[in-house]
Amino acid sequence: MSVEKKSRIAIVTGAGSGIGKAAALALLGDGWSVALAGRRLEPLEQVAQESGAGERAFAVSTDVANPESVKALFAAVVERFGRVDLLFNNAGVGNPPGPFEDWTPEQWRGVVDINLNGMFYCIQQAFRTMSSQTPRGGRIINNGSISATTPRPNSIAYTSTKHAVEGLTKTASLDGRKHDIAVGQIDVGNALTELAARMTKGVPQANGEIAIEPTMNVSIVGQSVLYMANLPLDANVLFHTVMATKMPFVGRG
């Protein structure tokens, strides 16, 4: 059930920067055709140009929080490439600023709409597409977080949604069996992206201290996604954790 190299088609959400960009470049570098999805078209086109992949890179403006936008994304990819073999379900946002006691309902819903609802809409469309194409099946990799099990201070929205993503992954993995759809998750700790740059300047710890934390090159995450993507469909990595070796996570840090 492995996917032939000449026909490997991927969708990467949040592909304009950070982990999504790293994964997209890794996939394109390995010969995949990749739909680069994100809200702003310009960064997606820059990634496509940087990859040197030509027509194999396809930038599609997409708002994952809008189910109609997600539906249009999958339709555009099928129209262009004929099928979808991989969804890297990556798009996500961090917490609103300040303590959660001061957040508005709109700020809370903004995180839930992207990190949880958006993940679901993408999984739903992937199932609809992968279960009906010939040959049938495909793979979904959800971007979770080690914060789901070990949260940081002042991270209630991000942590709650990433905790829920684990439920999406486990259930979709079970429900995907009858469609030959493999579903797994990658949990990343301190990859050096725009979002994680603050780690190098000092972030709050559980004991109230501010500490600089080790980071790792984000390209390592891209290689991890590529490894999972290239597995045959009769094998699956359900949960994959890749992290900066010395970051304060295991045990008491």
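Conventions and cut-offs
- Residues numbered from 1 in each chain as written.
- Predicted model: local features only at pLDDT ≥ 70, side-chain atom pairs only at ≥ 80, totals over all residues.
- Heavy atoms only, no water.
- Helix = DSSP H or I, 4+ residues; strand = E, 2+ residues; numbered from the N terminus.
- Rg over C-alpha atoms; globule rule 2.2 N^0.38 Å.
- Buried < 20%, exposed > 50% of the residue type's maximum accessible area, 1.4 Å probe, protein only.
- Contact = heavy atoms within 4.5 Å.
- Areas by Shrake-Rupley, 256 points an atom, 1.4 Å probe, with all protein chains shown as cover.
- Polar contact = N/O pair within 3.5 Å; in protein donor to acceptor, adjacent residues only side chain to side chain.
- Core = buried A, V, L, I, M, F, W, Y, C linked by side-chain atoms within 4.5 Å.
- Pairing = 2+ DSSP bridges.
- Axes fitted to C-alpha atoms, helices over the stretch in contact; angles between N-to-C directions.

Draft legend 1. Quick peek at the overall build of the chain. Within the chain, the regular secondary structure consists of six helices and 11 strands. For the chain, whose C-alpha radius of gyration is 18 Å, the value lies close to the compact-globule estimate of 18 Å for 253 residues. C-alpha atoms of the chain, sized along the principal axes, occupy 55 × 35 × 35 Å. Taking all 253 residues of the chain together, 49% fall into the buried category. Across the chain, every contact between residues at least 6 apart in sequence was considered, and the portion connecting residues at least 24 apart equals 69%. With the model as given, the accessible surface of the chain reaches about 12100 Å², and the carbon-plus-sulfur share is 52%.

Draft legend 2. How the structure looks around the side chain of Gln-205. When you line up the elements, Gln-205 lands in the loop between strand E8 (203–204) and strand E9 (210–211). What makes Gln-205 buried here is its relative accessible area of 16%. Here Val-203 takes part through its backbone oxygen, which lies 3.1 Å from a polar atom of the side chain of Gln-205. With sequence-adjacent residues up to four places away left out, Gln-205 is seen in contact with Arg-152, Pro-153, Ala-211, Glu-213 and Pro-248.

Draft legend 3. Looking closely at the nonpolar core. Of all hydrophobic cores here, the largest spans 38 residues; its most connected members are Leu-27, Val-34, Leu-36 and Ile-186. For this core, the secondary-structure elements that each account for two or more residues are strand E1 (9–13), helix H1 (18–29), strand E2 (33–38), helix H2 (41–51), strand E4 (86–89), strand E6 (181–189) and helix H6 (219–229). It is H1 that contributes the most residues to this core, seven residues altogether. If sequence neighbours within four positions are ignored, Ile-186 has contacts with Phe-88, Ile-141, Asn-142, Asn-143, Gly-144, Ser-145, Val-221, Ser-224, Val-225, Met-228, His-240 and Val-242. Grouped together as the second largest cluster of nonpolar side chains are 28 residues, Val-70, Cys-122, Ala-126 and Ile-140 included.

Draft legend 4. Broad picture of the sheet that holds strand E11 (residues 239–243). Taking strand neighbours across the sheet as the criterion, the seven strands line up as E3-E2-E1-E4-E5-E6-E11 in an open arrangement whose pairing is parallel. Each having just a single partner strand, strand E3 (57–61) and E11 make up the two edges of the open sheet. Pairs of neighbouring strands in the sheet enclose a mean axial angle of 20°, with direction left out of account. Strands E1, E2, E3 and E4 of the sheet are contacted by helix H3 (residues 67–81), whose axis makes an angle of about 155° with E3. Each of E4, strand E5 (138–143), E6 and E11 touches H6; the most contacted strand, E6, lies at about 165° to it.

Draft legend 5. Inspection of unusual backbone geometry at higher detail. Looking along the chain, the bond that leaves Thr-134 and enters Pro-135 is cis, with omega of -5°. Unlike most non-glycine residues, Asn-154 shows phi in positive territory, near 55°. Within the secondary structure layout, Asn-154 lies in the loop between E5 and helix H5 (156–175). One non-glycine residue, Asp-180, lies in the positive phi region at around 60°. Take Asp-180: it is sitting in the loop between H5 and E6. Since its relative accessible area comes to 23%, Asp-180 is described here as partly exposed.

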